[in-house]
Amino acid sequence: MTIKEAANDRNNNLNIIRLFASLMVLYMHSFAVSISDQSKDIFYVLTNHKDLAGGIAVYIFFIISGFLICRSFDRTSSVFKYAKARFLRIWPLLFVVVMVLAFIVGPIVSVYTFSQYFEYGDLRGFLLNLLFISSDTNLPGVFPNHYIHSVNGSLWTLMYEVIWYILVAITSIIWKKRRWFAPAMYVILAGIYFGITYGPLGSLPVLSSGYMLNMSKLGMFFTIGMTAYLYSDKIILSAKALGFAIAGLVVGILCGNFIFVFSICGAYIIFYIAFQKRFIAKWYDKVGDLSYGIYIMTFPIQQILVEYLGTPSENYQTLTMNPYLNMVLTLLIVIPLSWLSWHFIEQPCLKLKNK
């Protein structure tokens, strides 16, 4: 069975895979904000100290996005409808979260008084996250005694996600007629990634920036997702191929570049799990798609818990907290919030895309 045949209906596990990925981000950030020791992350051990749970989760998001966004544009009759659908999926909840953090949580939690917060504080960088042109996730006087001062450390990936939404539309004139263009983009991006990481490109002032490294690295995962869609009639889902993918991933963990290997072998494993028909998590689809809500709301909740439940560390005044307690309490808060977000913000907005 090919991916195209398996993806012919809505019976798949893409939503629950994204849910699992969002929980991986929550898991990783619990160690980061609570004790600033991410070596406790089990995925750090499983990957032979090559990556963390949150990094792998972001790769999974971009692989799935590459597949779904390419398919979305391919099936949409106009660029306007495509842009409208993408805007309604990502922006409404982002707007709510950014505004609540900037104008409600910020003034309450800040060490500044209410008037000082707005008089001396600069909110522009944080608010520019609404336009996907800022990586500033700090607010004036908020969380100064934390290991991480960021109010929402998950927002940085959204800019790259939106860039690829735009690139899918711009390059569609090519990949719709020449599907080899997607794997060609992957090869170019992989070359840039390796050139920055190991080669001479890392010494160039432009390409050595974190932006170019993230753009090439995340672009690899997005374009491999695009490739999976465009060649979905050729890619066969089989237990034998799955075994080879798992073996390749193990080799990559032990002695290769994990990111490169995961972009290929990990992508196959994800699509196999997503589109195999033996087990489909239909029950989760009835609950709603909570992954985006969990992803975008988890970090500030974790920081607030550290602020009010944390205790000063022995040698510094930095607040620390049991990461597992932070994890459990965050889950108890963010899952109901994400359910409310899906049913009262995200889903109602998505219904507007055809109007």
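The model shown is predicted, which means the values in this text are computed figures rather than measured ones.

S.K.: An account of the side chain of Thr-298 is requested, with residue identities and associated values reported.
M.R.: Relative to the elements of secondary structure, Thr-298 occurs in helix 14 (residues 291-309). Within the local environment of Thr-298, its side chain forms a polar contact with the backbone oxygen of Ile-294, the two atoms lying 2.5 Å apart. Those residues within four positions of Thr-298 in sequence are excluded, and the remaining contacts are Leu-26, Gly-293, Thr-330 and Val-334.

S.K.: Now, about the side chain of Ser-65: what can you tell me, with residues and values included?
M.R.: With respect to the helices, strands and loops of the structure, Ser-65 is situated in helix 4 (residues 53-75). Taking the relative accessible area as the measure of exposure, Ser-65 reaches 12% and is therefore buried. Setting aside anything within four residues of it in sequence, one finds Ser-65 in contact with Cys-70, Glu-161 and Phe-222.

S.K.: Just give me the short version of the pattern of salt bridges, but keep the residues and values in it.
M.R.: For the coordinates displayed, the defined rule picks out 5 salt bridges. Put simply, Arg-124 and Asp-122 hold a salt bridge, and the shortest N to O gap is 3.1 Å. On the accessibility criterion, Arg-124 (60% relative accessible area) is exposed. Take Asp-122: its relative accessible area is 42%, and that puts it in the partly exposed class. Asp-233 serves as the salt-bridge partner of Arg-179, at 2.9 Å between the closest nitrogen and oxygen.

Reading the values: rules and limits
- Residues numbered from 1 in each chain as written.
- Predicted model: local features only at pLDDT ≥ 70, side-chain atom pairs only at ≥ 80, totals over all residues.
- Heavy atoms only, no water.
- Helix = DSSP H or I, 4+ residues; strand = E, 2+ residues; numbered from the N terminus.
- Polar contact = N/O pair within 3.5 Å; in protein donor to acceptor, adjacent residues only side chain to side chain.
- Contact = heavy atoms within 4.5 Å.
- Buried < 20%, exposed > 50% of the residue type's maximum accessible area, 1.4 Å probe, protein only.
- Salt bridge = Lys/Arg side-chain N within 4 Å of Asp/Glu carboxyl O.

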